[in-house]
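As a plain string of letters, each chain reads:
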Amino acid sequence: MRFEIMRLDDANGTAVDSTVVDAASVKTIVQQAAATGQRLYIRPAE
């Protein structure tokens, strides 16, 4: 399964950039975002 991960702007919550990754990569990206305080929006990719 693949997921789209969007990094969100801290000020207004709009998507700054996005990437599509496989399920195995989601955990690593979430851990990196948590360590740096980034906000993410994750949804299944079509």
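Thresholds, definitions, all that
Residues numbered from 1 in each chain as written. Predicted model: local features only at pLDDT ≥ 70, side-chain atom pairs only at ≥ 80, totals over all residues. Heavy atoms only, no water. Helix = DSSP H or I, 4+ residues; strand = E, 2+ residues; numbered from the N terminus. Contact = heavy atoms within 4.5 Å. Pairing = 2+ DSSP bridges. Axes fitted to C-alpha atoms, helices over the stretch in contact; angles between N-to-C directions.

**As for the environment of valine 20**
Right, so step 1: Along the chain, valine 20 turns up in strand E2 (residues 15–22).
Right, so step 2: When the C-alpha atoms of valine 20 and alanine 35 are compared, they prove to be 21 Å apart, with 15 residues separating the residues in sequence.
Right, so step 3: Discounting chain neighbours no more than four positions away, the residues touching valine 20 are Arg2, Phe3, Glu4 and Ala45.

**Some words on the pairing of E2**
Right, so step 1: Here 7 bridges tie strand E1 (residues 2–8) to E2, and the two strands are oriented antiparallel to one another. Bridging across to E2, arginine 7 finds its partner in aspartate 17.
Right, so step 2: In textbook terms, the turn of a hairpin is the stretch between consecutive antiparallel strands, and for E1 and E2 this stretch comprises 6 residues, one of which, glycine 13, has a positive phi near 80°.

**Side note on the sheet that holds E1**
Right, so step 1: The 3 strands lie next to each other as E2-E1-E3, forming an open sheet whose pairing is antiparallel. Of all strands in the sheet, those bounded by a partner on one side alone are E2 and strand E3 (39–44). In this sheet, neighbouring strand axes are inclined to one another by 25° on average, regardless of whether the strands run parallel or antiparallel.
Right, so step 2: Along the sheet, helix H1 (residues 23–36) makes contact with E1, E2 and E3, crossing E2 at roughly 145°.

Function cannot be read off these values alone, since they describe shape.
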